[in-house]
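Remarks on the overall topology
Chain by chain, the residues:
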Amino acid sequence: MKIFVDTADLDEIRELASWGIVDGVTTNPTLVARSGRSFKEIIDEIFDIVDGPISLEVVSEKAEDMVKEAESLVSKISEKHRKNIAIKIPINPEGLKAVKVLSKKGIQTNVTLIFSANQALLAAKAGATFVSPFIGRLDDIGQEGMQIVEEIMEMFINYDIETEVIVASIRHPIHVIDAARIGADIATIPPGIIRKMVKHSLTDVGIEKFLKDWKKVKK
Ligand code: E4P
């Protein structure tokens, strides 16, 4: 399973990319606002750090405007990095129209705010490169989020649909294990959860003991 980092925090992206585990990045307007940096600063740097799909979200509401906004975003990225941009489009009728046009133009799309398998199916039909089911937000309202990932994967496998499934809105490390066991293509994970994934108290105790014992060895 590919791992995307779900943040617009450039320092975090740089650090996690240095671990060799980052295949791509997803951002959204909330994450950009939280980073405290301007959108331009983020765009200028993020593509230099990670050589993989980078999702940037449009905020227009009409299909025509979404397409214009997407094209303007693409034009801001240097040519060598353009292959990596994925335009995040919300799932609704206007979003589907925009995905259809962008896919014909060869621009990658990540259809976001997916809360049902049917929404994912329609996004894939319209030509989405990626679909992002939001697991944590479904869990938050008492619906088992991972269930829709299972349904989407089953449908996409049945029909050899090439659209890749990004498990999004991940809240804890068990979500990542569940996504990988189901066979999702990608999990987009907040940095704090990636840090929890690497940590185990027995590892820390083990390192401490080895270092202590090493001091006793005659050099
Ligand atoms: C990623 O594409 C999504 O924007 C993100 O995972 C949403 O996560 P949240 O539900 O924690 O805001």
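Just above sits the structure.
Residues numbered from 1 in each chain as written. Predicted model: local features only at pLDDT ≥ 70, side-chain atom pairs only at ≥ 80, totals over all residues. Heavy atoms only, no water.

**Regarding the side chain of Thr-109**
Rule in force here: Helix and strand definitions follow DSSP, with helices as H or I runs of at least four residues and strands as E runs of at least two, each counted in order from the N terminus. Throughout, a contact is declared for two residues whenever any of their heavy atoms are within 4.5 Å.
Residue position: Thr-109 is located in strand 5 (residues 108–114). Those residues in contact with Thr-109 that sit more than four places away from it in its chain are Ile-87, Ile-89, Val-99, Leu-102, Gly-127, Ala-128, Thr-129 and Phe-130.

**Quick word on the packing of helix 5 (residues 93–104) against helix 6 (residues 117–126)**
Rules: Axis angles are defined between N-to-C directions and span 0 to 180 degrees, where every axis is a line fitted to C-alpha atoms and, for a helix, only to the segment in contact. Each residue receives one of three labels: charged for Asp, Glu, Lys and Arg, nonpolar for Ala, Val, Leu, Ile, Met, Phe, Trp, Tyr, Cys and Pro, and polar for the others, Gly being one of them.
One can describe the packing of helix 5 onto helix 6 by two numbers: an axis separation of 8 Å at closest approach and a directional angle of 35 degrees. Contact residues: helix 5 offers Leu-96, Val-99, Lys-100 and Ser-103, while helix 6 offers Leu-122, Ala-123 and Ala-126. For the contact of helix 5 with helix 6, a count of residues per class yields five nonpolar, one polar and one charged.

**Focus on the environment of Asp-185**
This is how the line gets drawn: Polar contact criterion, stated in full: a pair of N or O atoms within 3.5 Å, where within protein one must be able to donate a hydrogen and the other to accept it, and residues adjacent in sequence count only if both atoms are side-chain atoms.
Mapped onto the elements, Asp-185 comes out in the loop between helix 9 (173–182) and strand 8 (186–189). When the C-alpha atoms of Asp-185 and Ile-141 are compared, they prove to be 25 Å apart, with 44 residues separating the residues in sequence. Excluding its chain neighbours within four sequence positions, the residues that come into contact with Asp-185 are Met-1, Lys-2, Met-153, Thr-163, Glu-164 and Val-165. Within polar-contact distance, the side chain of Asp-185 engages the backbone nitrogen of Val-165 at 2.8 Å.

**A closer look at the environment of Val-165**
Rules: The buried label applies to any residue whose accessible area, calculated with a 1.4 Å probe on protein chains only, is under 20% of its type's maximum; exposed applies above 50%, and partly exposed to all values in between.
Mapped onto the elements, Val-165 comes out in strand 7 (residues 164–167). A relative accessible area of 0% places Val-165 in the buried class. Put simply, Val-165 and Met-153 are 12 residues apart on the chain and 7.5 Å apart in space, counted from C-alpha to C-alpha. Discounting chain neighbours no more than four positions away, the residues touching Val-165 are Val-131, Pro-133, Ile-152, Met-153, Phe-156, Ala-184, Asp-185 and Ile-186.

**Considering the environment of Asp-9**
Position of Asp-9 relative to the elements: it lies in the loop between strand 1 (2–6) and helix 1 (10–18). Linking Asp-9 and Arg-37, residues 28 residues apart in sequence, is a C-alpha distance of 8.3 Å. Of note is the side chain of Asp-9, whose polar atom sits 3.2 Å from the backbone nitrogen of Glu-12.

**Points about the pattern of salt bridges**
A side chain of one charge can pair with a side chain of the opposite charge when the charged atoms of the two come close. Note the following rule: Any Lys or Arg side-chain nitrogen located within 4 Å of an Asp or Glu carboxyl oxygen qualifies as a salt bridge.
Following the criterion strictly, the structure yields 17 salt bridges and no others. A salt bridge links Glu-164 to Lys-2; the nearest nitrogen and oxygen atoms lie 2.6 Å apart. Taken together, the positions of Glu-164 in strand 7 and Lys-2 in strand 1 put the pair 162 residues apart, joining distant regions of the chain. Across the salt bridge formed by Asp-44 and Lys-40, the nearest N and O atoms sit 2.7 Å from each other. Of this pair, Asp-44 and Lys-40 both sit in helix 3 (residues 39–49), four residues apart, roughly one helical turn.

**A closer look at the site of the ligand**
Under the convention used in this document: For each residue, the test is whether any non-hydrogen atom lies within 4 Å of the molecule or strand; if one does, the residue is near.
For the ligand, the full set of nearby residues is Asp-6, Thr-26, Asn-28, Lys-88, Phe-134, Arg-137, Ala-168, Ser-169, Arg-171 and Thr-188. Between the ligand and Arg-137 there is a distance of 2.7 Å, counted from an oxygen atom to a side-chain nitrogen or oxygen. In this structure, Ser-169 approaches the ligand through a side-chain N or O atom, which is 2.7 Å from an oxygen atom. Looking at side-chain class alone, the shell around the ligand contains two nonpolar, four polar and four charged residues.

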